[in-house]
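# Structure assessment
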Amino acid sequence: MRRLAAGVVALGLSAARADEPLRLRLESAAGVDTNITRTEGAGATQGALLRLVLDAADELRAGALSLGLDYQAGARHFPGHDEEDGVFQVLGGRLAARATPWLVVGLLARLQDRTTREPDVPRDHARVLAGPTLDVALGDVRLGLSAHASRLVYKPDADFSADGLGAGLALDVPAGAWRLEGRLGWQALRFDGDRLAAVGATPTGAPFLVRVDGELRADTLKSATVGLRRTGDWLFGAEYTLAANSSNSFRSGFVRHVWRAFATLELPAAFLVSAQLDLQRVVYDDPQFITLETFIEDENRSSGKLRVERPLAGRWSGVMHLGAWLSPFGGGPAFSRQTALLGVACHLED
């Protein structure tokens, strides 16, 4: 990561210095997964899970200019079920220039990739996103504006690859130890595949779908988030997100509600505990039929996560992860998955 940062800076920031140290974190953990194949309904397969996570971040400055880089990668392995293995990566960068004491102009870029061996329902994809940002300080209030262009490559089926344009607005209002946060988002996607239309029904009662030649699928996603958090010895908060996707293609429109609560606190004996609860409800514009009585709502999942970390010696610490996924609001087959992992983490700063 240091070499990558230095190479980029050499293009125009030859006088840059690293005001912030390179932060590097490596974590290895092993445990059990009660639903390796993420199967809905009965028939879940339980087995061992090995996981490796890398998190790196660096920032360099030269006068009013700054360059921030971050990289996250995770790999999972299921002994005896290699077809479920996967690697997930995200590389991000932001070049910013402080134009005035209250205005920062920037350029943001992000690349993410998901590669797995899933044989039945692969969702492997790569996505690149880039665009300008604007951060405005209005006293203690912070206002952020952004725009971006993106390209999604959906590896299993090129019809779901898409070009996108988007914009966002973020507001941060502090009040002592409390912060009120709000975000608005808009994104338009134009897919490589034709839109689908329902024409009649099959003998099972499910819609009969046809491609509309010459008309590409087009979606528009709008979202709004409002949240409240408190910082200090304990960090905790909650937020609510409403997202609505409209589409000219059958089965692609939906409204998503997400309620999130989170907390991080330090307990006696140097234990650091983080917890997050996500409740999600998705309402589709069109039924997601398998048969007349059975529906597909595999995105309609809620989750709870608990993480405990405690220093061991020097740069090393012990970690524990607990996770649970379920579908309390689903209209189709029930989904249940739990994971439990124990491991060690190493923290490095250069």
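Please refer to the structure higher up on the page.
Our subject in this report is the structure included herewith. (Residues numbered from 1 in each chain as written. Predicted model: local features only at pLDDT ≥ 70, side-chain atom pairs only at ≥ 80, totals over all residues. Heavy atoms only, no water.)

Another point: the pattern of salt bridges. Per the counting criterion, the structure on display carries 22 salt bridges. For Arg25, the salt bridge goes to Glu27, with nearest N and O atoms at 2.8 Å. With respect to class, Arg25 is no different from Glu27; both count as buried. Here Glu239 makes a salt bridge to Arg260, at a shortest N to O gap of 3.9 Å. Taken as a pair, Glu239 in strand E11 (residues 235-247) and Arg260 in strand E12 (residues 254-267) lie far apart in primary sequence, 21 residues in all. Judged by relative accessible area, Glu239 falls into the buried class, the value being 14%. We classify Arg260 as partly exposed; its relative accessible area is 29%. Through salt bridges with shared partners, one network takes in Arg25, Glu27, Arg307 and Glu309. (Salt bridge = Lys/Arg side-chain N within 4 Å of Asp/Glu carboxyl O. Buried < 20%, exposed > 50% of the residue type's maximum accessible area, 1.4 Å probe, protein only. Helix = DSSP H or I, 4+ residues; strand = E, 2+ residues; numbered from the N terminus.)

The next thing to look at is the environment of Arg61. Checked against the element boundaries, Arg61 lands in strand E2 (residues 47-62). Classification of Arg61 as partly exposed rests on a relative accessible area of 31%. Arg61 sits 34 residues away from Leu95 along the chain, and the two C-alpha atoms are 9.8 Å apart. A polar contact of 2.7 Å, which involves the side chain of Arg61, links it to the side chain of Glu59. (Polar contact = N/O pair within 3.5 Å; in protein donor to acceptor, adjacent residues only side chain to side chain.)

This part takes up the pairing of E2. Looking at chain direction, E2 and strand E3 (residues 65-77) are connected through 13 bridges and run antiparallel. Each bridged residue has a counterpart across the sheet, and for Leu52 the counterpart in E3 is Ala75. (Pairing = 2+ DSSP bridges.)

Attention now goes to the packing of aromatic side chains. Enumeration over the complete set of coordinates arrives at three aromatic pairs. Each ring, one from Trp178 and one from Phe236, has its centre 5.7 Å from the other, and the planes form 85°; the classification is edge-to-face. Of the two residues, Trp178 sits in strand E9 (residues 178-201) while Phe236 sits in strand E11, which places them 58 residues apart along the sequence. Residue classification places Trp178 among the partly exposed positions, given a relative accessible area of 35%. Centre to centre, the rings of Tyr240 and Trp259 are 5.6 Å apart; their planes meet at 35°, and the pair counts as tilted. In this pair, Tyr240 is assigned in strand E11 and Trp259 in strand E12, connecting sequence segments 19 residues apart. (Phe/Tyr/Trp six-rings, centres within 6.5 Å; stacked < 30°, edge-to-face > 60°.)

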